[in-house]
Amino acid sequence: MSDPKVSPRVILSTRGVSKRFPGVQALSDVSLDVRKGEIHAVMGENGAGKSTLMKILAGVYIPDDGQIFLDDRVVRLENPLKALQLGISLINQELNIAGNISVAENVFMGSELGRFGLARRAEMRRRTREVLDLLGAPFAAETRAGLLSIAEKQQIEIARALVHNSRVIIMDEPTAALSENETEKLFTLVDSLRSQGIAIVYISHRINEILKIADRVSVLRDGRYIGTLEGSEIESEAIVRMMVGRTLTDFYQHRVSTEKTEGFFRVEDFSDGKKVRNVSFSAAAGEILGIAGLVGSGRTEFARMVFGADRRLRGEVYLDGRKISINSPKDAIRHGIGYVPEDRKSQGLFLEMSSHDNITMNVIGTTSRAGLIAGRRNNAITSQAIEQLNIRLASPRTRAVSLSGGNQQKLLLARWLQIAPKVLILDEPTRGVDVGAKSEIYKLIGEIAMRKVAVIFISSELPEVVGIAQRVLVMREGALVADLKGENIDQETIIAYATGVREAQAAFAAKTGR
Ligand code: ADP
Ligand code: MG
């Protein structure tokens, strides 16, 4: 026998696996090896193909091309039961648990033993109990599954894998719905499964989890296998680089406008009598102006007032040297002020509408005069936007709801670009967006600013504020407390102002004369 340390035993592998869905090549030519007794993390951005690959390994999808080897023999995983019988289990993010039957019945659901009489039922319960003990599960085989928490239901699925003697257990984002505490417990469990020689294929977005538990990390990008890291190679920068295909220093690369018109957009003495107090500032055309602050500091309330979405008590707006009147979003749009809200799903996007309609919504009024021609023109607008913003979708008719977070955000940006805004307010534009799309959005924001737009960039993520803004205003308890430029923009300074530490220091210094 070969020494497992010298040549770790591969139990499951894919060779040249490809899978296409209508309009998307989900996987292209993927070859991956899974070894006995390892925790093998599979990483990649949203849409990279991770779940598709896992479903192929678990017999849910049949690949269009390529082969799957189990113990060096080609296997055909025609359906999930076949995969389970061969020792491969998939634990999906959407758990496969029936709430109205017992834990034991769930464990044996769909397998041979489940179908027989009383004696079998006793056997089912006994074996379930055995496995639950092994897992240290805090519930009984007879418990109705519907009464259990998500973490506990996940344990039922692991129990199911174990009673079927699974040698490979695939977990697709298992911690997404778990608390920190439950996550820790899962890690302990996964660790003990590994020491029994079981291979765990573990999918997660959370780099910290991966650094903690993975023996090896494979990365997929755009449906392709990029590579596998092991041992000391496993570190976050390398993983991110593989995931996004560029280095972190390129991450905030965007063009910076050198030609700015100072005082282009000016807001004076904005107050709502509650969350926003006497806010005044000006933004230059061509400038990316960051607004940082803690959650609840009043940034969103302020932005909504500027856009006319909420009423203000006081406050005036000047654009290009003229005072303008803004009392509704319609006024704002007419003057060229755009706003991409924080909560794009409930406030910005029309999820059930097509991507095309979402993009062209604001231009319909100006282009629909001549029916057909307008239709064609709008189609051209959409195709141009899709190309320019690199929006990934099957077709312009794809509904917004089915796009990833990053692509949804791009739809909103595309919509505002159609009105050629003079001022564009972006409220947390990269929230819930994966790293690759983030970097594209930064680049896009840079390009928008280059068109002499004053871009107001509200974000709670300090690294990105520091990375892309040329000037940063800090808001605290509804008031602006700092206006930072150039060298002075760094995370520590922003935090000191956002939390009030800086004022406290200044007050102390003034009092003590230090
Ligand atoms: P990941 O799990 O890495 O986020 P997926 O494997 O879910 O990625 O998706 C890969 C690509 O395949 C995406 O573009 C996704 O939209 C597409 N896709 C996945 N499942 C289906 C399906 N059942 N029908 C059509 N397209 C799909
Ligand atoms: Mg997935």
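Remember, predicted model here, so these are calculated numbers, not experimental data. (Residues numbered from 1 in each chain as written. Chains lettered and ligands numbered in written order. Predicted model: local features only at pLDDT ≥ 70, side-chain atom pairs only at ≥ 80, totals over all residues. Heavy atoms only, no water.)

1. Details of the overall build of the protein chain
When you go through the protein chain residue by residue, the secondary structure sums to 19 helices and 20 strands. Once the C-alpha set of the protein chain is aligned to its principal axes, its extents read approximately 85 × 75 × 50 Å. For the protein chain, the proportion of its 514 residues judged to be buried stands at 51%. Look at the contacts in the protein chain between residues 6 or more apart in sequence, and 65% of them connect residues 24 or more apart. Carbon and sulfur atoms make up 49% of the accessible area of the protein chain, which amounts to about 24200 Å² in all. (Helix = DSSP H or I, 4+ residues; strand = E, 2+ residues; numbered from the N terminus. Buried < 20%, exposed > 50% of the residue type's maximum accessible area, 1.4 Å probe, protein only. Contact = heavy atoms within 4.5 Å. Areas by Shrake-Rupley, 256 points an atom, 1.4 Å probe, with all protein chains shown as cover.)

2. Observations regarding the domain arrangement of the protein chain
Per the domain assignment, the segments of the protein chain are domain 1 (10–246) and domain 2 (261–512). The C-alpha centroid of domain 2 is placed 40 Å from the C-alpha centroid of domain 1. Between domain 1 and domain 2, the residue contacts involve 7 residues of the former and 6 residues of the latter. A combined buried area of about 560 Å² lies between domain 1 and domain 2, and 52% of that area is made up of carbon and sulfur atoms. At the junction of domain 1 with domain 2, the criterion picks out 0 salt bridges. (Domains from an automatic or database assignment. Buried area = accessible area lost by both parts, 1.4 Å probe. Salt bridge = Lys/Arg side-chain N within 4 Å of Asp/Glu carboxyl O.)

3. So, the environment of Gln93
If you trace the backbone, Gln93 turns up in the loop between β6 (88–91) and α3 (103–107). Taking C-alpha positions, Gln93 is 39 Å from Arg476, a pair spaced 383 residues apart along the chain. What Gln93 contacts, discounting residues up to four positions off in sequence, is Asp172, Glu173 and Ala176.

4. Regarding unusual backbone geometry
We note that Glu173 has phi near 50°; this positive angle belongs to a residue other than glycine. Tracing the sequence through the fold places Glu173 in the loop between β7 (168–172) and α6 (180–195). Glu173 sits in the buried class, given a relative accessible area of 17%. Phi at Asp269 takes a positive value of approximately 55°, unusual for a residue other than glycine. Note that Asp269 resides in strand β11 (residues 261–271).

5. With respect to the sheet that holds β11
Spatial strand order, β12-β11-β14-β15: 4 strands in an open sheet with antiparallel pairing. The open sheet is flanked by β12 (279–285) and β15 (322–324), the only strands paired with a single partner. When the angles between neighbouring strand axes are averaged without regard to direction, this sheet yields 25°. (Pairing = 2+ DSSP bridges. Axes fitted to C-alpha atoms, helices over the stretch in contact; angles between N-to-C directions.)

6. Quick look at the nonpolar core
In globular proteins that are soluble, nonpolar side chains generally tend to be buried together. Ranked by internal contacts, the top residues of the largest apolar core, which has 76 residues, are Phe265, Phe281, Phe302, Ile337, Ile425, Val472 and Ile494. Of the residues forming this core, the biggest block, 7 residues, is contributed by helix α16 (residues 435–450). Not counting chain neighbours up to four residues away, the residues in contact with Val472 comprise Gly290, Ala292, Val465, Ala482, Asp483, Leu484, Ile489 and Ile494. Ala41, Ile169, Ile200 and Val244 belong to the second-largest nonpolar core, a separate cluster that totals 50 residues. (Core = buried A, V, L, I, M, F, W, Y, C linked by side-chain atoms within 4.5 Å.)

7. What about the sheet that holds strand β1 (residues 10–21)?
Pairing is antiparallel in the open sheet, where 4 strands are placed in the order β2-β1-β4-β5. Where the open sheet ends on each side, the last strands, each with one partner, are β2 (24–35) and β5 (73–75). Averaged over all pairs of adjacent strands, the angle between their axes in this sheet comes to 25°, without regard to strand direction. With 8 bridges connecting them, β1 and β2 associate as antiparallel partners.

8. Remarks on the packing of aromatic side chains
For any pair of aromatic rings, geometry is given as the distance between the ring centres together with the angle between the planes. On inspection of all chains with the given rule, the structure shows 6 aromatic pairs. Taking the centre distance of 5.4 Å and the plane angle of 45° together, the rings of Phe307 and Tyr339 count as tilted. Placement of the pair is Phe307 in the loop between α9 (299–306) and β14 (314–319) and Tyr339 in strand β16 (residues 337–340), with a sequence separation of 32 residues. Judged by its relative accessible area of 7%, Phe307 is buried. Chaining the aromatic ring pairs together yields one cluster made of Phe270, Phe281 and Phe302. Between Arg266 and the ring centre of Tyr318, over which it is positioned, the NZ or CZ distance is 4.4 Å. (Phe/Tyr/Trp six-rings, centres within 6.5 Å; stacked < 30°, edge-to-face > 60°. Lys NZ or Arg CZ within 6 Å of the ring centre and 35° of its normal.)

9. Description of the site of ligand 1
Every residue lining ligand 1 is accounted for by Phe21, Val24, Ala26, Glu45, Asn46, Gly47, Ala48, Gly49, Lys50, Ser51, Thr52 and Tyr61. Gly47 is positioned with one of its backbone polar atoms (N or O) 2.7 Å from an oxygen atom of ligand 1. For ligand 1, an oxygen atom lies 2.9 Å from a polar atom in the side chain of Ser51. Bound to the protein, ligand 1 loses 64% of the 560 Å² it would expose on its own. Sorting the residues of the shell around ligand 1 by element identifies β2 and α1 (50–57) as the ones contributing at least two each. (Near = heavy atom within 4 Å. Polar contact = N/O pair within 3.5 Å; in protein donor to acceptor, adjacent residues only side chain to side chain.)

10. Observations concerning α6
End to end, α6 covers 23 Å across 16 residues, agreeing with the expected 22 Å (1.5 Å per residue, within 8%). The set of residues buried in α6 consists of Thr183, Leu186, Phe187, Leu189, Val190 and Leu193. Where α6 ends, the next residue or the one after it, Gly197, has phi of about 90°, a positive value. (Expected span 1.5 Å × (residues − 1).)

11. Quick word on the side chain of Thr360
Inspection of the secondary structure assignment puts Thr360 in helix α12 (residues 355–360). Look at Thr360 and you get buried, because its relative accessible area is 0%. Looking at Thr360, its side chain comes within polar contact range of the main-chain oxygen of His356, at 2.9 Å. Look past the residues within four positions of Thr360 in its chain and what remains in contact with it is Asn378, Ile381 and Thr382.

12. A closer look at the packing of helix α15 (residues 405–417) against α16
Axis separation between α15 and α16 bottoms out at 10 Å; the angle between their running directions is 10°. Regarding the angle of α15 to α16, the classification is roughly parallel. Contacts from Gly406, Gln409, Lys410, Leu413 and Leu417 in α15 reach Ala437, Glu440, Ile441, Leu444 and Ile448 in α16. When the residues that make up the contact of α15 with α16 are grouped by side-chain class, the tally is 6 nonpolar, 2 polar and 2 charged. (Parallel < 35°, antiparallel > 145°, perpendicular 65-115°, else oblique. Nonpolar A, V, L, I, M, F, W, Y, C, P; charged D, E, K, R; others polar.)

13. Looking at the packing of helix α5 (residues 150–163) against α6
For the pair α5 and α6, interaxial distance at closest approach is 11 Å and the crossing angle is 10°. With respect to α6, the axis of α5 lies roughly parallel. Contacts between α5 and α6 involve Ala151, Gln154, Ile158 and Leu162 from the former and Glu182, Leu186, Leu189 and Leu193 from the latter. Taken together, the residues of the contact of α5 with α6 sort by class into 6 nonpolar, 1 polar and 1 charged.

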